[in-house]
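# Structural features, examined
This is what each chain is made of:
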Amino acid sequence: PKAAADATAYRIPVRIVCKYDRLAFLPRPSENKPPVEVMAADPLDRSIDEFVAQMWKQIEQWDAAPLGGYWQPVLEVYVYPGAEGRFVELRSLLSGSGIQVQRQAQ
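In what follows, the accompanying structure is described. (Residues numbered from 1 in each chain as written. Predicted model: local features only at pLDDT ≥ 70, side-chain atom pairs only at ≥ 80, totals over all residues. Heavy atoms only, no water.)

### Quick notes on the packing of aromatic side chains
Remark: the centre distance and the inter-plane angle together describe each pair of aromatic rings, the angle taken between the planes. Here the structure, examined in full by the defined rule, presents 3 aromatic pairs. With centroids separated by 6.2 Å and ring planes inclined at 70 degrees, the aromatic side chains of Tyr10 and Trp71 adopt a geometry described as edge-to-face. Of this pair, Tyr10 sits in strand β1 (residues 8–18) while Trp71 sits in strand β4 (residues 69–79), and the two are 61 residues apart along the sequence. On the accessibility criterion, Tyr10 (31% relative accessible area) is partly exposed. When the centroid spacing of 4.9 Å and the interplanar angle of 20 degrees are considered together, the rings of Phe25 and Phe51 count as stacked. Of this pair, Phe25 sits in strand β2 (residues 22–25) while Phe51 sits in helix α1 (residues 48–59), and the two are 26 residues apart along the sequence. Of the two residues, Phe25 and Phe51, neither departs from the other in class, the shared state being buried. Pairwise contacts between aromatic rings join Tyr10, Trp62 and Trp71 into one cluster. (Phe/Tyr/Trp six-rings, centres within 6.5 Å; stacked < 30°, edge-to-face > 60°. Helix = DSSP H or I, 4+ residues; strand = E, 2+ residues; numbered from the N terminus. Buried < 20%, exposed > 50% of the residue type's maximum accessible area, 1.4 Å probe, protein only.)

What follows is the structure, encoded as structure tokens:
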């Protein structure tokens, strides 16, 4: 959100698990901590602000981006069986936000 117009985006994956009732941020490979879960309201737009806030909270813990650049999160989403609709909601709600959403194979 603090990026200048001419700054370079450095894509960083943020791995999440999408279940029908929750979205879980998986720790980075170098981290030894449990996933951080956000309960998924029905409809999802009732809990999307909490989800985005949690995502930025994690990004703020990263090292500073290279000079003249900023981190651009790319959500790598692992969708559990029965959560396809929830993934579609998530992708739709984040459309146009600058946060890329990519579905990953199980």
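### Looking at the nonpolar core
Ranked by size, the top nonpolar core spans 23 residues in total, and within it Ile16, Phe51, Leu75, Val77, Leu90 and Leu94 carry the most contacts. At the level of secondary structure, the elements contributing two or more residues to this core comprise β1, β2, α1, β4 and α2 (84–94). Leaving out residues up to four positions away in the same chain, Phe51 has contacts with Ile16, Leu23, Phe25, Val38, Leu75, Leu90 and Leu94. (Core = buried A, V, L, I, M, F, W, Y, C linked by side-chain atoms within 4.5 Å. Contact = heavy atoms within 4.5 Å.)

### Some remarks on the pattern of salt bridges
Considering all chains together, one arrives at 6 salt bridges under this definition. Between Arg22 and Glu37 there is a salt bridge, with its nearest N and O atoms 2.9 Å apart. With Arg22 in strand β2 and Glu37 in strand β3 (residues 36–39), this pair connects stretches of sequence that are 15 residues apart. One salt-bridge network, in which partners are shared between bridges, spans Asp21, Arg22 and Glu37. (Salt bridge = Lys/Arg side-chain N within 4 Å of Asp/Glu carboxyl O.)

### Comments concerning the environment of Phe25
Note on Phe25: relative accessible area 1%, which makes it buried. Remark: the alpha-carbon pair of Phe25 and Val74, spanning 49 residues in sequence, is separated by 12 Å. Not counting residues within four places of it along the chain, the set of residues in contact with Phe25 comprises Val14, Arg15, Ile16, Pro35, Val36, Val38, Phe51, Gln54, Met55 and Gln58.

### Focus: the sheet that holds β2
Spatially, the 5 strands line up as an open sheet ordered β3-β2-β1-β4-β5, and their pairing is mixed. Lying at the two open borders of the sheet, with one neighbouring strand each, are β3 and β5 (100–104). With strand direction ignored, the average angle separating the axes of adjacent strands in the sheet is 30 degrees. Pairing of β1 with β4 involves 11 bridges; the strand directions are parallel. Within β4, the position partnered with Ala9 by the bridge is Tyr70. This element, α1, spans β1, β2, β3 and β4 of the sheet and lies at about 125 degrees to β4. (Pairing = 2+ DSSP bridges. Axes fitted to C-alpha atoms, helices over the stretch in contact; angles between N-to-C directions.)

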